[in-house]
Amino acid sequence: MNEQLSKNEVEMLFKFVKSKYVHYIDVQHEIVDHLASSIEEMKAKNPSVSFETALRQVYSNFPITGFASLVAEKQTSLTRYWTKRFWGYMLSYMRLPKIIIAGLLVYIFQLILSNGLSITPSQLYIVLVIAAFCSVGYRYKYGFEFNKDFRDKYLVTSTYLAFYAGIFSMNFYFPLNMALVSAPETVVFDPVQSWLFAIYIVVCLLWIHGSTFIFPKMLKQELEEKYSHLNIKIA
Amino acid sequence: MLPKNLRYIFTNMNKKLLRGSLETIVIKLLSDNQEMYGYEITQKVKELTDDDFKITEGALYPTLHKLEGKGILECSTRSIGNRFRKYYSLTEAGQSELVIMLQDMEDYIKNMQLILNPRLS
């Protein structure tokens, strides 16, 4: 086991990494550990080498762009991760046991629609508009803060919020877009139409539920499991 | 000893081959060692290949992050004295990916040998 760098030297490494435009604290930690491990090994082999010389030598192993490609790849990887988590939730309703719930919901909406109701498709989407407004109300009351500090300090939260803004805005896009393009005339749904509309409404409702209740929980769980050392506080 | 220009060509060729095989190397090492941190991986590769293969940090971390994003690796962070260290390990998906990658690599090596050393009929 090599002798560890002092607290002061580790702080110098943090300063160095920051000076190379790595502003995200979670990424800084990973780079600092790597630099520190390399320097420790170098000093174990050659105790006369100074901290500054060792750091210069270790940094020369990074590409000419410094840490930029590392941060960019980490950003892509985290965005991919959040996408996967959210779609994982959506697709879970295509598998047992949740498919039973989704199937039941589709069946109920299909029953309502095929019952000869005299409504326009626009009126139908009122359900979704109400759900979307409820999700905003819930987020406003119980959601965490979107302050700049929280957004820009950590790459994990920055990528999360960028993705979250996208899926949350879809809560409004789905119902409003369809309500605007739908015919204003009263429609009597035939069986095929009623099944299709029922599926569409259920997918939208699951999306709204996921973006309002499930996805924020995923962030809290992620921060507790993998980033507890950073003590990231979200309201 | 190779002339300087030829040495340059071979070193570059080696780097390209290494970059193309980096995912397989990382997954195989993590499968054999349960969990490792970034620097440890670079050192292990050097040790196993008698300093012949040198994985640069600029290539390793993007690969680790890419594999993490794909759900092949997972990580945990632990305190080691006055700093934190991130350990990578294989997920279940990573274990199955390893089998496929090793098979692909074996087939690739076999085919390369057939091309480079064709048997005389």
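Keep in mind it's a predicted model, so treat the numbers as computed, not measured.

Student: Would you explain the overall build of chain A in this entry?
Tutor: Across its full length, chain A holds 10 helices and 0 strands. The buried share of chain A, reckoned over its 235 residues, is 43%. Partitioning the intrachain contacts of chain A with sequence separation of at least 6 by distance along the chain shows that 77% fall at a separation of at least 24. Surface accessibility of chain A: about 12800 Å² in total, with carbon and sulfur atoms responsible for 64%.

Student: Help me understand the packing of aromatic side chains in this model?
Tutor: How two aromatic rings sit relative to each other is set out by the distance from centre to centre and by the angle between their planes. Residues and elements named next belong to chain A. Within the structure shown, the criterion is met by 21 aromatic pairs over all chains. Taking 5.2 Å as the distance between ring centres and 90 degrees as the angle between the ring planes, the aromatic pair formed by Phe16 and Tyr59 counts as edge-to-face. Of this pair, Phe16 sits in helix 1 (residues 7-19) while Tyr59 sits in helix 3 (residues 51-59), and the two are 43 residues apart along the sequence. For Phe16, a relative accessible area of 17% translates into the label buried. Note on Trp82 and Phe215: the rings are 5.8 Å apart at their centroids and 85 degrees apart in plane angle, and the pair reads as edge-to-face. Of the two residues, Trp82 sits in helix 4 (residues 68-91) while Phe215 sits in helix 10 (residues 191-226), which places them 133 residues apart along the sequence.

Student: Just to check I follow, could you spell out helix 10 of chain A for this structure?
Tutor: Owing to its 3.6 residues per turn, the α-helix aligns residues three or four sequence positions apart on the same side. The end-to-end C-alpha separation of helix 10 of chain A is 49 Å, in line with the 52 Å expected for 36 residues at 1.5 Å each. Of all the bends found along helix 10 of chain A, the most pronounced is centred on Gly210(A) and spans about 45 degrees.

Student: Help me understand the nonpolar core in this model?
Tutor: The tendency in soluble globular proteins is for nonpolar side chains to be buried as a group. With 83 residues, the main nonpolar core has Leu13(A), Leu35(A), Trp82(A), Phe215(A) and Leu73(B) as its most contacted residues. For this core, the element with the highest residue contribution is helix 10 of chain A, accounting for 11 residues. Residue-level mapping places this core at the junction of two domains, with at least three residues from each of domain 1 (7-62) and domain 2 (73-230) of chain A. In this view, Leu13(A) contacts Leu5(A), Val32(A), Leu35(A), Ala36(A), Ile39(A), Phe51(A) and Leu55(A); residues no more than four positions away in its chain are not counted.

Student: Even after reading the chapter, I still don't get empty space enclosed by the protein, so can you show me in this structure?
Tutor: The probe, sized like a water molecule, is rolled over the atoms to show the empty space still left. As enumerated under the stated definition, the model contains 2 cavities of 30 Å³ or more in all. Its boundaries defined by the atoms lining it, the largest cavity holds a volume of some 180 Å³. For the lining of the largest cavity, the elements supplying multiple residues, two or more each, are helix 2 (25-45) of chain A together with helix 2 (38-48), strand 2 (73-80) and strand 3 (83-90) of chain B. Examining the composition of the lining of the largest cavity, we find that 5 residues originate from one element, helix 2 of chain A, more than from any other. Residues belonging to the lining of the largest cavity are distributed by class as follows: 6 nonpolar, 5 polar and 7 charged. Inspection of the lining of the largest cavity shows a minimum of three residues originating in each of domain 1 (7-62) and domain 2 (73-230) of chain A. Space inside the second largest cavity adds up to approximately 40 Å³. Lining the second largest cavity, in full, are Ser77(A), Leu78(A), Tyr81(A), Glu222(A), Lys226(A), Glu68(B) and Gly69(B). Secondary structure elements with two or more residues in the lining of the second largest cavity: helix 4 and helix 10 of chain A together with helix 3 (57-69) of chain B.

Student: Would you explain the confidence of the model for chain A in this entry?
Tutor: Interpretation of this model should avoid reading the predicted coordinates in detail wherever pLDDT is low. A residue-level look at chain A finds 86% of positions with pLDDT of 70 or above and a mean pLDDT of 84. Across chain A, the element-wise mean pLDDT spans from 65 in helix 6 (residues 121-124) of chain A up to 94 in helix 1 of chain A.

Student: What am I meant to see in the interface of chain A and chain B here?
Tutor: For interface size, the figure often reported is the accessible area lost on association. Contacts between the two partners involve 27 residues from chain A, matched on the other side by 26 residues from chain B. When chain A packs against chain B, close to 2500 Å² is buried across both sides, 51% of that on carbon and sulfur atoms. Contact with chain B buries surface across chain A, with Glu30(A), Asp33(A) and His34(A) losing the most and accounting together for 22% of the total. For Arg85(B), the salt bridge is made with Asp33(A), and the minimal N-O distance between the two is 3.0 Å. Counting the contacts that link chain A with chain B gives 13 residue pairs in polar contact (both at pLDDT 80 or more). Among the elements of the structure, helix 1, helix 2 and helix 4 of chain A are those that each provide at least two residues to the side of chain A that touches chain B.

Student: It is not clear to me how the packing of helix 5 (residues 98-113) of chain A against helix 10 of chain A should be interpreted in this structure. Could you clarify?
Tutor: Packed helices, taken two at a time, are described by the angle their axes make and the gap between the axes. All names here are of chain A. Relative to each other, helix 5 and helix 10 sit at 130 degrees, their axes nearing to 8 Å. The angle between helix 5 and helix 10 places the two elements in the oblique class. The element helix 5 and its partner helix 10 pack so that their crossing is right-handed. On the side of helix 5, the interface is formed by Ala102, Leu105, Val106, Tyr107, Phe109, Gln110 and Leu113, while helix 10 contributes Ser194, Trp195, Phe197, Ala198, Ile199, Ile201, Val202 and Leu205.

What counts as what
- Residues numbered from 1 in each chain as written.
- Chains lettered and ligands numbered in written order.
- Predicted model: local features only at pLDDT ≥ 70, side-chain atom pairs only at ≥ 80, totals over all residues.
- Heavy atoms only, no water.
- Helix = DSSP H or I, 4+ residues; strand = E, 2+ residues; numbered from the N terminus.
- Buried < 20%, exposed > 50% of the residue type's maximum accessible area, 1.4 Å probe, protein only.
- Contact = heavy atoms within 4.5 Å.
- Areas by Shrake-Rupley, 256 points an atom, 1.4 Å probe, with all protein chains shown as cover.
- Phe/Tyr/Trp six-rings, centres within 6.5 Å; stacked < 30°, edge-to-face > 60°.
- Expected span 1.5 Å × (residues − 1).
- Bend = angle between axes of the 7 residues up to and from the residue.
- Core = buried A, V, L, I, M, F, W, Y, C linked by side-chain atoms within 4.5 Å.
- Domains from an automatic or database assignment.
- 1 Å grid on protein atoms, 1.4 Å probe; cavity = no way out; pocket = protein on both sides within 12 Å on 5 of 7 lines; lining within 4 Å.
- Points joined across faces, edges and corners; volume = space filled by probe spheres on them.
- Nonpolar A, V, L, I, M, F, W, Y, C, P; charged D, E, K, R; others polar.
- pLDDT = per-residue confidence, 0-100.
- Buried area = accessible area lost by both parts, 1.4 Å probe.
- Salt bridge = Lys/Arg side-chain N within 4 Å of Asp/Glu carboxyl O.
- Polar contact = N/O pair within 3.5 Å; in protein donor to acceptor, adjacent residues only side chain to side chain.
- Axes fitted to C-alpha atoms, helices over the stretch in contact; angles between N-to-C directions.
- Parallel < 35°, antiparallel > 145°, perpendicular 65-115°, else oblique.
- Left-handed = near helix turned anticlockwise from the far one by under 90°.

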